[in-house]
Amino acid sequence: MTVHFIGAGPGAADLITVRGQNAIAAAPVCLYAGALVPEELLEKCPQDARLVNTAKMTLDEIIDELVTADQQGLDVARLHSGDPSVLSAMAEQMRRLDAAGVDYDVVPGVPAFAAAAASLKREFTVPGVSQTVVLTRTAARATAMPEGQDLATLGLSRSTLVLHLAIQRVDQMVEELVPNYGQDCPVAVVARASRSDEVILRGTLKDIAEQVHAAEIKRTAVLVVGEALAASQFQDSSLYSASRQRD
């Protein structure tokens, strides 16, 4: 059997790969991340599939489910929101499965930051403005950030910065980012990106916290900071330049 770690996308049920959808349809066991995975995807499971909501489960309980399925010779669709390569806690599950001798593979998905960029109708890498995107979070109740990966340090590059799992600390984020980005730096918040109840806020580091509080956004949101959000006067990319030599 195989555990398929599947990126279930940012929320819209159709933002999933064909490979991921096929894996769901063929797996007799499906573990999914509660309210973060659209219910419509669960309808793709076989009619008699075992469906397990992992929202309130511990890591040990999740691994027990996966190992039990392996012992029974059953494939598992392990659904993670967004793309499992970023902030998904997939690595710790893989480590346990390696120790247990359970086979697995990974099906990539649409990450939240990509869905947010689409909703904002912006490219996060704009020529001459920003060519780097930093994906990060902040440390509150979660695992501490490694040395040198705090916002003050990451902000020194003035790259496009995308913050996950941190909207409840928006006031502290602003305080840490203003010294490098400045109060007038463009900011956007996209809550529940790609979903029918999506909310988009646009502003600057000066006013974004007030907007977040007024909109009562407390979870399932990404915060994007950087000049790329508002850039209009920038050089064209050399990718399609007439002067570029083409074979």
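Residues numbered from 1 in each chain as written. Predicted model: local features only at pLDDT ≥ 70, side-chain atom pairs only at ≥ 80, totals over all residues. Heavy atoms only, no water.

*Asks:* Any chance you could break down the pairing of strand E6 (residues 133-136) for me, citing the residues and the numbers?
*Replies:* Of the two faces of E6, only one is covered, namely that formed by Val-134 and Thr-136; the face formed by Val-133 and Leu-135 stays uncovered. The sheet contact formed by E6 and strand E7 (residues 160-163) spans 4 bridges and is parallel. For Thr-136, the partnering residue across the bridge sits in E7 and is Leu-163. (Buried < 20%, exposed > 50% of the residue type's maximum accessible area, 1.4 Å probe, protein only. Helix = DSSP H or I, 4+ residues; strand = E, 2+ residues; numbered from the N terminus. Pairing = 2+ DSSP bridges.)

*Asks:* Tell me about the pattern of salt bridges, and please be specific about residues and values.
*Replies:* Enumeration over the complete set of coordinates arrives at 4 salt bridges. In this structure, Asp-60 and Arg-96 form a salt bridge, with 2.6 Å as the shortest nitrogen-oxygen distance. Remark: Arg-96 occurs in helix H4 (residues 90-100) and Asp-60 occurs in helix H3 (residues 59-71); sequence separation between them is 36 residues. On the basis of relative accessibility, which here comes to 34%, the residue Arg-96 falls in the partly exposed class. The salt bridge involving Glu-227 is made with Arg-158; its shortest N-O contact spans 3.6 Å. Residue Glu-227 is found in the segment after strand E10 (221-225), and its partner Arg-158 is found in the loop between helix H6 (151-154) and E7; the two are separated by 69 residues along the sequence. A relative accessible area of 35% places Glu-227 in the partly exposed class. (Salt bridge = Lys/Arg side-chain N within 4 Å of Asp/Glu carboxyl O.)

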